[in-house]
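# Tertiary structure, described
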Amino acid sequence: MQSCEALLQKNKQWAKQKQEQDPEFFSRLATKQSPEFLWIGCSDSRVAPEIVVGAEPGEIFMHRNIANQVIHTDFNCLSVLQYAVSILKVKHIIVCGHYNCGGIKAALDKQRPDLLITNKWLMHVKNTYRLHQTEIDGLENEDDRLNRLVELNVIEQIHSLSHTSIIQNSWLENESPTLHGWVYGVHDGELRSLITLKPNDDINPIFQYQKISAE
Ligand code: CO
């Protein structure tokens with residue numbers, strides 16, 4: 001267990017070391033950021049995005065929530081998405097889930113009376129379970145059922161991103177960004193790719209924006 005004092009102490013050492021290695025490091029970052037990636041991940045402390053991909057400050061724009069969800073009524077996530085796509089013009093968006101996700105596990109259980117708000121957030125995961133209930137229930141092992149829903153939830157969020165006006169407009173105007181669905185193994189530290197949607201890949205017509213015709 002670490003105290004907050006210890007964290008501040010470690011930060012001092014880290015900043016000093018960085019500056020010694022590269023005296024311009026912080027002055028370069030102080031004026032602007034131009035990350036190529038937006039990472040949408042789970043809040044879980046075991047998944048440390050920059051660390052697991054060896055990235056430095058300034059390389060990844062970040063949004064995290066329980067079970068790495070892209071919900072169309074969540075202005076927090078959508079604001080991050082809009083800024084990343086329209087202003088930073090990120091080239092890639094990664095939605096990264098992880099095996100043994102506590103959020104997904106909770107979604108496969110009854111609603112807890114002590115987590116009234118979290119229950120509502122996890123309702124979307126429950127709906128993804130219902131969409132794939134036959135496949136998931138067909139798996140014998142409880143861990144396999146959990147981890148398959150982890151994967152299906154990531155895939156669902158990639159589709160969810162492609163249904164936003166932000167992504168569809170950017171695909172049309174900039175042919176960017178590419179959407180990547182990944183899953184991280186908390187047991188082995190490895191990332192696995194589940195799905196990639198490239199700009200202007202086919203999406204279900206009912207989620208497409210109608211093009212405005214010139215009259
Ligand atoms: Co999680």
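Let me sum up the structure you'll find in this document. (Residues numbered from 1 in each chain as written. Predicted model: local features only at pLDDT ≥ 70, side-chain atom pairs only at ≥ 80, totals over all residues. Heavy atoms only, no water.)

### So, the packing of helix H4 (residues 75-87) against helix H9 (residues 165-174)
- Close contact between H4 and H9 brings their axes to 10 Å; oriented N to C, the two are set at 15°. When the interaxial angle is binned, H4 and H9 end up roughly parallel. Crossing handedness for the pair H4 and H9: left-handed. Where H4 approaches H9, its residues Leu 78, Leu 81, Gln 82 and Val 85 are matched on the opposing element by Ile 166, Ile 167 and Ser 170.
- Within the contact of H4 with H9, the residues separate by chemical class into five nonpolar, two polar and no charged. (Axes fitted to C-alpha atoms, helices over the stretch in contact; angles between N-to-C directions. Helix = DSSP H or I, 4+ residues; strand = E, 2+ residues; numbered from the N terminus. Parallel < 35°, antiparallel > 145°, perpendicular 65-115°, else oblique. Left-handed = near helix turned anticlockwise from the far one by under 90°. Contact = heavy atoms within 4.5 Å. Nonpolar A, V, L, I, M, F, W, Y, C, P; charged D, E, K, R; others polar.)

### Structural notes on the environment of Ile 206
- Inspection of the secondary structure puts Ile 206 in the segment after strand S5 (191-197).
- Residue class for Ile 206 comes out exposed when judged on its relative accessible area of 71%.
- Taking the C-alpha atoms as reference points, Ile 206 and Glu 190, 16 residues apart in sequence, are found 35 Å from one another. (Buried < 20%, exposed > 50% of the residue type's maximum accessible area, 1.4 Å probe, protein only.)

### Description of the side chain of Asn 153
- If you trace the backbone, Asn 153 turns up in helix H8 (residues 142-162).
- Look at Asn 153 and you get buried, because its relative accessible area is 1%.
- Asn 153 has contacts with Ala 67, Asn 68, Gln 69, Ile 104, Val 125 and Thr 128, leaving out every residue within four places of it along the chain.

### Regarding the nonpolar core
- One finds Leu 38, Ile 40, Leu 81, Ile 93, Leu 161, Ile 167 and Leu 179 to be the most contacted residues of the largest nonpolar core, which totals 25 residues.
- Residue assignment for this core shows that the elements contributing at least two residues are strand S1 (37-42), H4, strand S3 (92-98), H8, H9 and S5.
- Looking at this core, the element that brings in the most residues is H4, giving six residues.
- By size, the runner-up hydrophobic cluster in this structure holds 15 residues, among which are Ala 67, Tyr 99, Val 125 and Ile 136. (Core = buried A, V, L, I, M, F, W, Y, C linked by side-chain atoms within 4.5 Å.)

### Some points on the sheet that holds S1
- Strands sit in the order S2-S1-S3-S4-S5 across an open sheet of five strands; the sheet is mixed. The open sheet is flanked by strand S2 (60-65) and S5, the only strands paired with a single partner. In this sheet, adjacent strand axes meet at a mean angle of 20° when their direction is disregarded.
- As defined by bridge partners, S1 adjoins S2 across six bridges and the pair is classed as parallel. Along S2, the bridge assignment pairs Ile 40 with His 63.
- Docked against the sheet, H4 engages S1, S2 and S3, running at close to 170° with respect to S2. (Pairing = 2+ DSSP bridges.)

### Observations regarding helix H6 (residues 116-131)
- The end-to-end C-alpha distance of H6 is 23 Å, a good match for the 22 Å that 16 residues give at a rise of 1.5 Å each.
- Most pronounced at Leu 122, the bend in H6 amounts to some 40°.
- Turning to H6, its buried residues are Asn 119, Leu 122, Val 125, Lys 126, Thr 128 and Tyr 129.
- Buried residues along H6 sit against helix H5 (102-107), helix H7 (133-137) and H8. (Expected span 1.5 Å × (residues − 1). Bend = angle between axes of the 7 residues up to and from the residue.)

### As for the pattern of salt bridges
- Under the counting rule described, the total for this entry stands at eight salt bridges.
- Between Glu 135 and Arg 148 there is a salt bridge whose closest N-O contact spans 2.5 Å. One end of the pair, Glu 135, is in helix H7; the other, Arg 148, is in helix H8, and 13 residues separate them in sequence.
- Ionic pairing is found between Arg 192 and Asp 188, a salt bridge with its closest N-O pair at 2.5 Å.
- With a relative accessible area of 26%, Arg 192 lands in the partly exposed category.
- Salt bridges linked by common partners bring Glu 135, Arg 148 and Glu 151 together as one network. (Salt bridge = Lys/Arg side-chain N within 4 Å of Asp/Glu carboxyl O.)

Purely spatial values, then, with no claim about function.
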